[in-house]
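One letter stands for each residue in the lines below.
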Amino acid sequence: MGSALSPSERSTALSERHGAGNDNRVDYVPDTVTRSVKLLVAGNFGVGKTTFVNSVSEIRPLRTEETITEASVGVDDMAGLPGKRTTTVAMDFGRITLNPRLALYLFGTPGQRRFLPLWEELAHGALGALVLVDTRRIEKADEVLSILEERGVPYSVAINEFDGAQRYPINEIRQALDLEASTPLTSLDARDRGTCLRSLITLVEFLFHRIEAQN
């Protein structure tokens, strides 16, 4: 499903959709679409992946959320998530049509390690990943970054700025996550489509330049 991006199809397509609302969603794929790009939206448990996909998707997103029950006690780390009532058990799925020929498919990964086998399937054919991070539980991001690195999936990182969370300088967060200098790092509010799209643009530009350098 992955596809290389041509110069005419890169981040400008996403940028042009900044002002587009997502209230009038449709589920069909235009007949003209002949190419697709697959991206992951990754991150640890409770970091906002489902909210992110819902904010940017032009279609009604596919969700696989289930209510958290007592069976999760001692299995899922609920520290710092007092309002968490549901969790993704397979994936989230959304779509953005970049132009009449090209569609971007977003696959949100489940956050718990017990769903790691699903990561193997979701990562197949993915051009890259946007990793969401919560600074209140920043140490939880290490495992997600390691999983992507082990599978050779390039990624950028976006800080989901939750209400009430302390704000840190970007360079401090970069050091805390031990990110390479070339790894993009942005911030967003997963409820806000504009900031989410800007982080996606950053990821697409990063992936495009990687492809250019390899050719």
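This text follows the structure it describes.
Residues numbered from 1 in each chain as written. Predicted model: local features only at pLDDT ≥ 70, side-chain atom pairs only at ≥ 80, totals over all residues. Heavy atoms only, no water.

A. Focus on the sheet that holds strand 5 (residues 102-108). Spatially, 4-5-1-6-7-8 is the arrangement adopted by the 6 strands of the open sheet, whose pairing is mixed. Because the sheet does not close on itself, it has two edges, and the strands there are strand 4 (92-99) and strand 8 (185-188). Sheet twist, expressed as the average angle between the axes of neighbouring strands with direction ignored, equals 25 degrees. Where strand 6 (residues 128-133) lies against strand 7 (residues 155-160), 5 bridges are found, and the strand directions are parallel. Its bridge partner being in strand 7, alanine 129 is matched across the sheet by tyrosine 155. (Pairing = 2+ DSSP bridges. Helix = DSSP H or I, 4+ residues; strand = E, 2+ residues; numbered from the N terminus. Axes fitted to C-alpha atoms, helices over the stretch in contact; angles between N-to-C directions.)

B. Region of the structure containing the pattern of salt bridges. Overall, the coordinates contain 7 salt bridges when judged by the stated rule. Note that arginine 167 and glutamate 161 form a salt bridge whose closest N and O atoms lie 3.7 Å from each other. Among the residues examined, arginine 167 registers a relative accessible area of 46% and is labelled partly exposed. A residue is classified by how much of its surface remains accessible, and glutamate 161, at 30% relative accessible area, is partly exposed. The shortest N-O distance in the salt bridge between aspartate 163 and arginine 191 comes to 3.1 Å. On the criterion of sequence distance, the pair formed by aspartate 163 in the loop between strand 7 and helix 5 (170-177) and arginine 191 in the loop between strand 8 and helix 6 (193-214) is long-range, its members being 28 residues apart. (Salt bridge = Lys/Arg side-chain N within 4 Å of Asp/Glu carboxyl O. Buried < 20%, exposed > 50% of the residue type's maximum accessible area, 1.4 Å probe, protein only.)

C. Focus on the side chain of glutamate 58. Structurally, glutamate 58 can be placed in the loop between helix 2 (49-56) and strand 2 (65-67). Residue glutamate 58 is classed as buried on the basis of its relative accessible area of 11%. Within the local environment of glutamate 58, its side chain forms a polar contact with the side chain of threonine 97, the two groups lying 2.4 Å apart. (Polar contact = N/O pair within 3.5 Å; in protein donor to acceptor, adjacent residues only side chain to side chain.)

D. Quick peek at the pairing of strand 8. Strand direction decides the pairing type here: strand 7 and strand 8, joined by 4 bridges, are parallel. Paired with valine 157 across the two strands is leucine 185, which belongs to strand 8. As a crossover connection, the stretch from strand 7 through helix 5 into strand 8 is right-handed. (Right-handed = clockwise from strand over helix to strand, strands pointing away.)

E. Structural view of helix 2. In terms of residue burial, helix 2 counts as a mostly covered element, since 6 of its 8 residues are buried. Listed in full, the buried residues belonging to helix 2 are Lys49, Thr50, Phe52, Val53, Ser55 and Val56.

F. Representation of the packing of aromatic side chains within the structure. Taken as a whole, this structure holds 2 aromatic pairs when the rule is applied. On the basis of an interplanar angle of 20 degrees and a centroid distance of 5.7 Å, the ring pair of phenylalanine 93 and tyrosine 105 is categorised as stacked. Linking phenylalanine 93 in strand 4 with tyrosine 105 in strand 5, this pair joins segments that are 12 residues apart in sequence. Residue classification places tyrosine 105 among the buried residues on the basis of a relative accessible area of 13%. Put simply, the rings of Phe93, Tyr105 and Phe107 pair up and form one aromatic cluster. For lysine 38, the ring lying beneath its charged end belongs to phenylalanine 107, and the centroid distance is 4.8 Å. Taking the ring centre of phenylalanine 162 as reference, the NZ or CZ of arginine 136 above it sits at 4.4 Å. (Phe/Tyr/Trp six-rings, centres within 6.5 Å; stacked < 30°, edge-to-face > 60°. Lys NZ or Arg CZ within 6 Å of the ring centre and 35° of its normal.)

G. Broad picture of the nonpolar core. The biggest cluster of nonpolar side chains holds 30 residues, and the ones touching the most others in it are Leu40, Val131, Val133, Leu148, Tyr155, Val157 and Leu177. When contributions to this core are tallied by element, the ones reaching two or more residues are strand 1 (35-42), strand 5, helix 3 (116-123), strand 6, helix 4 (141-150), strand 7 and helix 5. No other element matches the 5 residues that helix 4 contributes to this core. Of all hydrophobic cores here, the second largest spans 26 residues; its members include Val47, Leu106, Leu127 and Leu130. (Core = buried A, V, L, I, M, F, W, Y, C linked by side-chain atoms within 4.5 Å.)

H. Summary view of the pairing of strand 5. Burial runs high along strand 5: 7 of the 7 residues are buried. Covered by surrounding structure in strand 5 are Leu102, Leu104, Leu106 and Gly108 together with Ala103, Tyr105 and Phe107, the residues of both alternating faces. Sheet topology places strand 1 next to strand 5; 7 bridges connect them, and they run parallel. Note that in strand 5 the partner of serine 36 across the bridge is alanine 103. One ladder, built from 7 bridges, connects strand 4 with strand 5; its direction is antiparallel. Counterpart to threonine 97 in the pairing with strand 5 is alanine 103. In this structure, the hairpin formed by strand 4 and strand 5 is closed by a connection of 2 residues.

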